[in-house]
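In case you want the letters, here they are:
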Amino acid sequence: MALLIKNGHVIDPANGIDGVRDLFVWNRRMADPLKWQSGAYDPVVDGKVETIDAAGKIVCPGLIDLHVHLREPGQSAKETIETGTRAAAAGGFTSVVCMPNTSPAADSPSVIALINQKAEEKACINVFTTGAITRGIAGEELAPIGSLKKAGVVALTDDGHCVQNNELMRRAVEYARMFDLPVMDHCQDYNLVGNGVMNEGQWSVRWGLPGWPALGEEIIVARNILISEKTDHYIHCQHLSCAGSVRLIREARKRGVKISGEVCPHHILLTDELVGGFDTNFKMNPPLRTRADIEELLAGIADGTITVLASDHAPHCAFEKEVEFDQAPFGILGLETELSLFLKALVHSKVISLKRMIEMFTVEPARLLKLKKGSLEEGADADITIIDPGLPWTVDRNQSLSKSRNTPFHGWELTGRAVMTIVSGKVVWRL
């Protein structure tokens, strides 16, 4: 298997590369094109070397999304590993990390084995699994963390739920440290949040909907910082949405605490005022916040407080969303639109450089989860994303490769998107 990518602008933050050059893939791995030209490789497997002209395009390591709900097993009406990974490939992602809130929950080696088997059979990209922190994601009893590690999980999380018992969470992180597994946490204090369905503020009062206060997130972020500091282990705060969380993490990271956070595109492009149309595609957890929260999230991205970009891809069936706002499930699609949305919110708006954005999609998640991904160096897996940064396109939910259609970005006109996704040297998607 041999592939030559010519004339592309290669951005490889892991190796400090930012310029026009050729890339060569041999036997599923990155190889040196100069060595190939000198005869060091024999690329004639099928009689030819496939050549791709990437002139005018960005060529980078395959993008990684560390927060994705693939819904299998048990919720395949919403999404499957096959459809979810096809959507990911169309978004430029060569690797995704799937959350454990499936049916049954991914809290045992047998469920992890089932997911891995399905991924091997049906996935067109790399699928990494996470294991639940607690049995059944119920927050009452620790899952068998050692067995989950042996089964191949790359992190622990109860995403979709949050461990409320602080003692249990502390012990979970201590065990996770023993097995060198980072912990990822959905930050939500149930007592403070109650039955809240949108940001607590003037708009929740106007629309007559129960409020989900920012404090409900911030108090768990503070808890995680204290536990991380006490245990000297990594806790990653998922889908941050409010200003206070950014300030807490910024101060903790300055002290060397092993705490990190991620942001999703909807939390920096949409505000709670939009809920006024009662469109359930604007209902997500945590909810849309205020313009002030967005400004602080952007500042946290710009100064390096927030290190990872992710989608929280959460597909739902149409009938589930076609109900009253407060009865609808939380969550929206994200895999096919997030790259373009982050280009709009971060690069076109000059919050960060394109190189830094790619780093937040490659080096940072790979480092956090200890994945051997995110690099184009010789010998690395040939996972590559090719992006046309100037390509205009319009989001059309009816063209989505996901099984679901729950996106608030239908009809948005965007600039820049992935045009080719390559996994282990094989083109798995092209525009």
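Values in this document were obtained by computation on a predicted structure and should not be read as measured data.

Calculation notes
- Residues numbered from 1 in each chain as written.
- Predicted model: local features only at pLDDT ≥ 70, side-chain atom pairs only at ≥ 80, totals over all residues.
- Heavy atoms only, no water.
- Salt bridge = Lys/Arg side-chain N within 4 Å of Asp/Glu carboxyl O.
- Buried < 20%, exposed > 50% of the residue type's maximum accessible area, 1.4 Å probe, protein only.
- Helix = DSSP H or I, 4+ residues; strand = E, 2+ residues; numbered from the N terminus.
- Phe/Tyr/Trp six-rings, centres within 6.5 Å; stacked < 30°, edge-to-face > 60°.
- Lys NZ or Arg CZ within 6 Å of the ring centre and 35° of its normal.
- Polar contact = N/O pair within 3.5 Å; in protein donor to acceptor, adjacent residues only side chain to side chain.
- Disulfide = S-S within 2.5 Å.
- Core = buried A, V, L, I, M, F, W, Y, C linked by side-chain atoms within 4.5 Å.
- Contact = heavy atoms within 4.5 Å.

What about the pattern of salt bridges?
No. 1: For the coordinates displayed, the defined rule picks out 24 salt bridges.
No. 2: A salt bridge links R135 to E141; the nearest nitrogen and oxygen atoms lie 3.4 Å apart.
No. 3: Its relative accessible area of 41% is what places R135 among the partly exposed residues.
No. 4: Here K373 ties to D383 by a salt bridge, and the two come within 2.8 Å at their closest N and O atoms. With K373 in the loop between α15 (363-369) and β16 (384-394) and D383 in the loop between α15 and β16, this residue pair connects regions lying 10 residues apart in the sequence. D383 matches K373 in its accessibility class, with the two residues each being buried.
No. 5: Counted as one network, the salt bridges with shared partners bring together R29, K373, D381 and D383.

Some remarks on the packing of aromatic side chains
No. 1: Per the counting criterion, the structure on display carries 5 aromatic pairs.
No. 2: With 5.4 Å between their ring centres and 20° between their planes, W203 and W207 make a pair best called stacked. Residue W203 and its partner W207 are located together in helix α7 (residues 202-207), separated by 4 residues, close to a single helical turn.
No. 3: Overall, W203 belongs to the buried group, its relative accessible area being 14%.
No. 4: An aromatic cluster of three or more residues is present, and its members are F93, F342 and F361.
No. 5: Note that K283 overlies the ring of F330, its terminal NZ or CZ placed 4.6 Å from the centroid.
No. 6: In this structure, R417 is placed above the aromatic ring of W393, and the distance from its NZ or CZ to the ring centre is 4.0 Å.

Brief notes about the environment of E262
No. 1: Tracing the backbone through its elements, the reader meets E262 in strand β14 (residues 259-263).
No. 2: Note on E262: relative accessible area 0%, which makes it buried.
No. 3: It is 33 Å that separates the C-alpha atoms of E262 and N7, two residues lying 255 residues apart in sequence.
No. 4: Among the polar contacts listed, one links the side chain of E262 to the side chain of H67, at a separation of 2.6 Å.
No. 5: At a separation of 3.2 Å, a polar atom in the side chain of E262 contacts the main-chain amide nitrogen of H239.

As for the state of the cysteines
No. 1: Scanning all chains against the criterion turns up 0 disulfides.
No. 2: The closest cysteine sulfur to the non-disulfide-bonded C124 is located on C98, 14 Å from its own sulfur.
No. 3: No disulfide involves C237; its sulfur sits 3.9 Å from the nearest other cysteine sulfur, which is in C187.

Notes on the nonpolar core
No. 1: Membership of the largest hydrophobic core comes to 86 residues, with the highest contact counts inside it found for I268, I301, L346 and M357.
No. 2: For this core, the element with the highest residue contribution is helix α13 (residues 338-347), accounting for 7 residues.
No. 3: Those residues in contact with M357 that sit more than four places away from it in its chain are L309, L339, F342, L343, V347 and I352.
No. 4: Core analysis: the second largest hydrophobic core is formed by 18 residues, V10, A54, A380 and M420 among them.

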